[in-house]
Amino acid sequence: MALNVKKGDTVLVIAGKDKGKTGKVLVAMPANNSVVVAGVNMIAKHKKPRSANDKGGIIKKEGKINASNVQVVCPVCGKATRISNVIEGDKKIRQCKKCKANLDATVKKETKKTATKDITKTTSSKAAPKTATKEVKTENKEVKATEKKTTSTTKASTTKSTSTAKKSTTKKVEEK
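On a predicted model such as this, the values are computed, not experimentally measured, just so you know. (Residues numbered from 1 in each chain as written. Predicted model: local features only at pLDDT ≥ 70, side-chain atom pairs only at ≥ 80, totals over all residues. Heavy atoms only, no water.)

(A) Just the environment of Val 86, in detail. By secondary structure assignment, the location of Val 86 is in strand S9 (residues 83-88). Placed 16 residues apart in sequence, Val 86 and Asn 102 show a C-alpha to C-alpha distance of 9.4 Å. Dropping the residues within four chain positions of it, Val 86 is found in contact with Lys 91, Lys 92, Ile 93 and Gln 95. (Helix = DSSP H or I, 4+ residues; strand = E, 2+ residues; numbered from the N terminus. Contact = heavy atoms within 4.5 Å.)

So, in C-alpha coordinates, the structure goes:
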(Lines give C-alpha, C1' and ligand atoms only; values in the text may rest on other atoms or scores of the structure.)
Protein backbone atom coordinates (compact mmCIF):
# COMPACT_ATOMS: atom_id res chain seq x y z
CA MET A 1 0.00 0.00 0.00
CA ALA A 2 1.38 3.41 -0.95
CA LEU A 3 1.40 6.29 1.50
CA ASN A 4 0.59 9.88 0.63
CA VAL A 5 2.96 10.97 3.39
CA LYS A 6 6.72 10.99 2.80
CA LYS A 7 9.78 11.57 4.95
CA GLY A 8 10.37 15.30 5.46
CA ASP A 9 6.70 16.34 5.11
CA THR A 10 5.13 18.54 7.77
CA VAL A 11 1.97 16.89 9.06
CA LEU A 12 -0.94 17.66 11.40
CA VAL A 13 -2.20 14.93 13.73
CA ILE A 14 -5.99 14.69 13.32
CA ALA A 15 -6.79 11.84 15.75
CA GLY A 16 -5.46 10.35 18.96
CA LYS A 17 -3.96 11.71 22.18
CA ASP A 18 -1.78 14.25 20.32
CA LYS A 19 -4.59 15.65 18.15
CA GLY A 20 -3.78 19.14 16.84
CA LYS A 21 0.02 18.84 17.06
CA THR A 22 2.21 19.35 14.01
CA GLY A 23 5.62 17.92 13.27
CA LYS A 24 7.99 16.69 10.61
CA VAL A 25 7.85 13.07 9.43
CA LEU A 26 11.02 11.27 10.52
CA VAL A 27 10.22 7.80 9.12
CA ALA A 28 7.53 6.58 6.74
CA MET A 29 6.69 2.87 6.89
CA PRO A 30 4.40 1.94 3.97
CA ALA A 31 4.43 -1.77 4.89
CA ASN A 32 2.82 -0.97 8.27
CA ASN A 33 0.82 2.03 6.97
CA SER A 34 2.40 4.14 9.71
CA VAL A 35 4.70 7.12 10.21
CA VAL A 36 6.94 8.49 12.96
CA VAL A 37 6.46 12.22 13.59
CA ALA A 38 8.90 14.39 15.56
CA GLY A 39 7.58 15.32 19.02
CA VAL A 40 4.35 13.33 18.69
CA ASN A 41 3.28 10.07 20.41
CA MET A 42 6.20 10.09 22.84
CA ILE A 43 6.77 6.70 24.47
CA ALA A 44 9.05 5.64 27.33
CA LYS A 45 11.48 2.79 26.64
CA HIS A 46 13.16 1.13 29.62
CA LYS A 47 16.79 0.40 28.81
CA LYS A 48 18.73 -2.15 30.81
CA PRO A 49 22.48 -1.59 31.15
CA ARG A 50 24.28 -4.30 29.17
CA SER A 51 27.83 -3.61 30.40
CA ALA A 52 29.61 -1.83 33.24
CA ASN A 53 30.11 1.31 31.14
CA ASP A 54 26.57 1.33 29.73
CA LYS A 55 23.93 3.35 31.57
CA GLY A 56 20.38 2.16 31.93
CA GLY A 57 17.31 4.30 32.37
CA ILE A 58 14.09 5.45 30.80
CA ILE A 59 14.45 6.84 27.29
CA LYS A 60 11.73 8.99 25.71
CA LYS A 61 11.31 8.62 21.94
CA GLU A 62 8.69 8.99 19.24
CA GLY A 63 6.34 6.09 18.55
CA LYS A 64 4.66 5.30 15.27
CA ILE A 65 1.24 6.61 14.28
CA ASN A 66 -1.16 5.21 11.72
CA ALA A 67 -0.86 7.22 8.49
CA SER A 68 -4.63 7.72 8.40
CA ASN A 69 -4.36 9.82 11.58
CA VAL A 70 -2.19 12.53 9.98
CA GLN A 71 -2.73 15.07 7.21
CA VAL A 72 -0.04 16.76 5.18
CA VAL A 73 0.32 20.51 5.74
CA CYS A 74 0.73 22.28 2.40
CA PRO A 75 3.84 24.50 2.43
CA VAL A 76 2.23 26.97 0.01
CA CYS A 77 -1.18 27.59 1.60
CA GLY A 78 -0.22 26.43 5.12
CA LYS A 79 -3.38 24.34 5.62
CA ALA A 80 -3.77 20.65 6.43
CA THR A 81 -5.04 19.05 3.25
CA ARG A 82 -5.76 15.82 1.48
CA ILE A 83 -3.51 14.83 -1.40
CA SER A 84 -4.34 14.14 -5.03
CA ASN A 85 -1.97 12.26 -7.28
CA VAL A 86 -1.47 13.69 -10.77
CA ILE A 87 0.55 12.14 -13.58
CA GLU A 88 2.71 14.68 -15.43
CA GLY A 89 4.77 13.12 -18.19
CA ASP A 90 6.30 9.94 -16.76
CA LYS A 91 6.13 10.97 -13.09
CA LYS A 92 3.40 10.72 -10.49
CA ILE A 93 3.24 13.99 -8.52
CA ARG A 94 1.51 14.71 -5.19
CA GLN A 95 -0.71 17.80 -5.31
CA CYS A 96 -2.53 19.84 -2.65
CA LYS A 97 -6.34 19.47 -2.98
CA LYS A 98 -6.97 23.06 -1.85
CA CYS A 99 -4.44 25.18 -3.76
CA LYS A 100 -3.24 22.66 -6.41
CA ALA A 101 0.41 23.23 -5.38
CA ASN A 102 3.01 20.58 -6.21
CA LEU A 103 4.10 19.03 -2.88
CA ASP A 104 7.09 17.10 -4.28
CA ALA A 105 8.73 20.18 -5.81
CA THR A 106 8.51 22.23 -2.60
CA VAL A 107 10.31 19.56 -0.56
CA LYS A 108 13.18 19.48 -3.07
CA LYS A 109 13.47 23.28 -3.13
CA GLU A 110 13.70 23.48 0.68
CA THR A 111 16.61 21.03 0.81
CA LYS A 112 18.48 22.91 -1.92
CA LYS A 113 17.99 26.25 -0.13
CA THR A 114 19.37 24.93 3.15
CA ALA A 115 22.39 23.47 1.37
CA THR A 116 23.19 26.77 -0.37
CA LYS A 117 22.78 28.71 2.91
CA ASP A 118 25.31 26.44 4.63
CA ILE A 119 27.82 26.96 1.81
CA THR A 120 27.45 30.76 1.87
CA LYS A 121 27.94 30.84 5.65
CA THR A 122 31.23 28.93 5.42
CA THR A 123 32.60 31.11 2.62
CA SER A 124 31.58 34.49 4.09
CA SER A 125 35.15 35.83 4.37
CA LYS A 126 37.68 35.49 1.57
CA ALA A 127 40.79 35.08 3.78
CA ALA A 128 39.47 32.21 5.89
CA PRO A 129 39.04 29.62 3.09
CA LYS A 130 42.58 30.24 1.76
CA THR A 131 44.18 29.54 5.12
CA ALA A 132 41.96 26.51 5.63
CA THR A 133 43.01 25.04 2.29
CA LYS A 134 46.67 25.63 3.10
CA GLU A 135 46.26 23.87 6.42
CA VAL A 136 44.51 20.98 4.76
CA LYS A 137 47.23 20.70 2.15
CA THR A 138 50.00 20.70 4.72
CA GLU A 139 48.17 18.11 6.81
CA ASN A 140 47.70 15.90 3.76
CA LYS A 141 51.41 16.12 2.92
CA GLU A 142 52.36 15.13 6.45
CA VAL A 143 49.89 12.29 6.44
CA LYS A 144 51.15 11.02 3.09
CA ALA A 145 54.74 11.19 4.28
CA THR A 146 54.00 9.15 7.39
CA GLU A 147 52.01 6.62 5.37
CA LYS A 148 54.95 6.06 3.03
CA LYS A 149 57.32 5.48 5.95
CA THR A 150 55.07 2.93 7.57
CA THR A 151 54.52 1.01 4.35
CA SER A 152 58.23 0.79 3.63
CA THR A 153 58.98 -0.57 7.11
CA THR A 154 56.21 -3.16 6.87
CA LYS A 155 57.48 -4.35 3.48
CA ALA A 156 60.98 -4.78 4.87
CA SER A 157 59.79 -6.72 7.91
CA THR A 158 57.63 -9.04 5.78
CA THR A 159 60.51 -9.85 3.45
CA LYS A 160 62.76 -10.67 6.43
CA SER A 161 60.18 -12.95 7.99
CA THR A 162 59.55 -14.81 4.74
CA SER A 163 63.28 -15.35 4.14
CA THR A 164 63.75 -16.76 7.66
CA ALA A 165 60.75 -19.00 7.20
CA LYS A 166 62.19 -20.40 3.97
CA LYS A 167 65.54 -21.12 5.66
CA SER A 168 63.92 -22.96 8.55
CA THR A 169 61.84 -25.16 6.26
CA THR A 170 64.85 -26.09 4.14
CA LYS A 171 66.87 -27.04 7.22
CA LYS A 172 64.15 -29.35 8.48
CA VAL A 173 63.98 -31.17 5.16
CA GLU A 174 67.76 -31.61 5.09
CA GLU A 175 67.86 -33.04 8.65
CA LYS A 176 65.44 -35.85 7.84
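Having put the structure on the table, let's press on.
(B) Expanded view of the sheet that holds strand S2 (residues 22-29). Judged by pairing direction, the sheet is antiparallel, and its 6 strands sit side by side in the order S6-S3-S2-S1-S7-S8 without closing on themselves. Strand pairing shows two members of the sheet lacking a second neighbour, strand S6 (64-66) and strand S8 (80-81), which therefore form its edges. (Pairing = 2+ DSSP bridges.)

(C) Fine view of the side chain of Gln 95. Along the chain, Gln 95 falls in strand S10 (residues 91-96). You can call Gln 95 buried: its relative accessible area is 17%. When residues no more than four places from it in sequence are discounted, the contact partners of Gln 95 are Arg 82, Ile 83, Ser 84, Val 86, Lys 100, Ala 101 and Leu 103. (Buried < 20%, exposed > 50% of the residue type's maximum accessible area, 1.4 Å probe, protein only.)

(D) Molecular detail of the pattern of salt bridges. According to the stated counting rule, one finds 5 salt bridges in the structure shown. With a closest N to O distance of 3.0 Å, Asp 54 and Lys 47 form a salt bridge. Judged by relative accessible area, which is 25%, Asp 54 ranks as partly exposed. Of the residues examined, Lys 47 reaches a relative accessible area of 36% and is grouped as partly exposed. The residue Arg 94 makes a salt bridge to Asp 104 at a minimum N-O spacing of 2.9 Å. In this pair, Arg 94 is assigned in strand S10 and Asp 104 in helix H1 (residues 103-122), connecting sequence segments 10 residues apart. When sorted by exposure, Arg 94 lands in the same class as Asp 104, which is buried. (Salt bridge = Lys/Arg side-chain N within 4 Å of Asp/Glu carboxyl O.)

(E) Here's a closer look at the nonpolar core. Grouped together as the largest cluster of nonpolar side chains are 17 residues, with contacts concentrated most on Val 5, Val 11, Val 35 and Val 70. Elements with a minimum of two residues in this core: strand S1 (10-13), strand S3 (34-37) and strand S7 (70-73). Apart from residues no more than four positions distant in its own chain, Val 5 is found in contact with Val 11, Val 25, Ala 28, Val 35, Val 70, Val 72 and Arg 94. (Core = buried A, V, L, I, M, F, W, Y, C linked by side-chain atoms within 4.5 Å.)

(F) Layout of unusual backbone geometry. Positive phi, close to 55°, is recorded for Asn 33, a residue that is not glycine. Note that Asn 33 resides in the loop between S2 and S3. A positive phi angle, close to 55°, is found at Asn 41, a residue other than glycine. For Asn 41, the position within the fold is in the loop between S3 and strand S4 (42-47). Accessibility expressed as a relative area gives 17% for Asn 41, which makes it buried.

(G) Structural detail: the pairing of S7. Looking at chain direction, S1 and S7 are connected through 3 bridges and run antiparallel. For Leu 12, the partnering residue across the bridge sits in S7 and is Gln 71. Bridging between S7 and S8 involves 2 bridges; their strand directions are antiparallel. Bridge pairing links Val 72 to Thr 81 in S8. Hairpin geometry of S7 and S8 is characterised by an intervening segment of 6 residues between the two adjacent antiparallel strands and by a positive phi of about 75° at Gly 78.

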